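Structural overview for review
So you can see what is in the structure, the chains are spelled out below.
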Amino acid sequence: MSSRVVVITGGSRGLGAGIVQAFLDAGDVVATCSRSATPRTDAWAADPATAERFLFAPVDIVDVAAAQAFVAQVLERFGRIDVLVNNAGIARDGVIGLASDEDIDTVLDLNLKATFTMTRLVARRMLLAGSGRIVNISSIVGLSGYRGLSVYSATKAGLDGFSRSLARELGARGITVNSVAPGYLRTEMSHGLDESQLQQIARRTPAGRLGEPEDIAGVVLFLCSPAASFMTGQTLVVDGGLTA
Ligand code: NAP
């Protein structure tokens, strides 16, 4: 397969970095953004094996103009966008009665609104090209719920609905849209859970452990492969069997 141009939001660490690595390992061209660079983004930009086919931009995608400039920068450097992975997301813990307006806005603005913005900007190009793959990273808590994460869960359930509707809207134009709903991963996002909570989740998981970014990245890669060309509008749960 010739290399694709892949845009991944929030690829500086955690799951997003795992997805960047998987596409780079597959020989693809990867552009990613987050608010700050990290040693991993610096390494990809410096490594002769990836430097020519990797772009990192420090961008807050909640800022529509900045998101627009990032997409323009990717198009200017690489000429097209074949795959969009909407990965950047944020959680704010807390029972609903104590949720602040600021926390609610932060979670909605990134998880939903910025995903809509990025998708709108990239889908326009995919429509012109007559092909494309879009993957939205949701979460099992959007399906099963989690006490203290109601706002976050609502955004993740929203993303699954977004995938279904967009699949119907874009299917005839050669574009697939799917969600991947991970279980609990060992990333900075799960640092809010203490070690005993994490161990309890691992015990309740048939696979006997928490997920790693690679567990999820492989499924994202599959959804962007020719093998998945007839799959669209789906939510793939990747949780070691936790919600089975
Ligand atoms: P993470 O370690 O906190 O990483 C989040 C990434 O998004 C970082 O690269 C971060 O970089 C970037 N980001 C945050 N705000 C941004 C903004 N406004 N603009 C651009 N980039 C931004 O989280 P993660 O665990 O890898 O989660 C990745 C995705 O998986 C999220 O959608 C999350 O909801 C989902 N998920 C995670 C878990 C889990 O257990 N961890 C489970 C299910 C689903 P900066 O902070 O520098 O911007």
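Summarised in this report is the structure supplied together with it. Note that this is a predicted model, so its numbers are computed, not measured.

Focus on the packing of aromatic side chains
- Here the structure, examined in full by the defined rule, presents three aromatic pairs.
- Ring centres 5.4 Å apart and planes at 55 degrees place the aromatic pair Trp 44 and Phe 54 in the tilted group. With Trp 44 in helix H2 (residues 39–46) and Phe 54 in strand E3 (residues 54–58), the pair connects residues that are 10 residues apart, well separated along the chain.
- Overall, Trp 44 belongs to the buried group, its relative accessible area being 6%.

Quick look at the sheet that holds strand E6 (residues 175–182)
- With parallel pairing, the seven strands of this open sheet are ordered in space as E3-E2-E1-E4-E5-E6-E7. Of all strands in the sheet, those bounded by a partner on one side alone are E3 and strand E7 (235–238). The sheet shows a mean angle of 15 degrees between the axes of neighbouring strands, taken without regard to direction.
- Here strand E1 (residues 5–9) pairs with strand E2 (residues 29–34) via five bridges, running parallel. Within E2, the position partnered with Val 7 by the bridge is Ala 31.

Here's the deal with the site of the ligand
- Looking at the ligand, there are 28 residues lining it, with Ser 12, Arg 13, Asn 87, Tyr 152 and Thr 187 nearest.
- Measuring from a nitrogen atom of the ligand, one finds a side-chain N or O atom of Asp 60 at 2.8 Å.
- Protein contact buries 94% of the 880 Å² of open area that the ligand shows by itself.
- Looking at the shell around the ligand, the elements with two or more residues in it are helix H1 (14–25) and helix H6 (150–170).
- Of the residues belonging to the shell around the ligand, the class tally is 12 nonpolar, 11 polar and five charged.

About the criteria used
Residues numbered from 1 in each chain as written. Predicted model: local features only at pLDDT ≥ 70, side-chain atom pairs only at ≥ 80, totals over all residues. Heavy atoms only, no water. Phe/Tyr/Trp six-rings, centres within 6.5 Å; stacked < 30°, edge-to-face > 60°. Helix = DSSP H or I, 4+ residues; strand = E, 2+ residues; numbered from the N terminus. Buried < 20%, exposed > 50% of the residue type's maximum accessible area, 1.4 Å probe, protein only. Pairing = 2+ DSSP bridges. Axes fitted to C-alpha atoms, helices over the stretch in contact; angles between N-to-C directions. Near = heavy atom within 4 Å. Polar contact = N/O pair within 3.5 Å; in protein donor to acceptor, adjacent residues only side chain to side chain. Areas by Shrake-Rupley, 256 points an atom, 1.4 Å probe, with all protein chains shown as cover. Nonpolar A, V, L, I, M, F, W, Y, C, P; charged D, E, K, R; others polar.

So, to be careful, I would describe these as geometric facts and stop short of saying anything about function.
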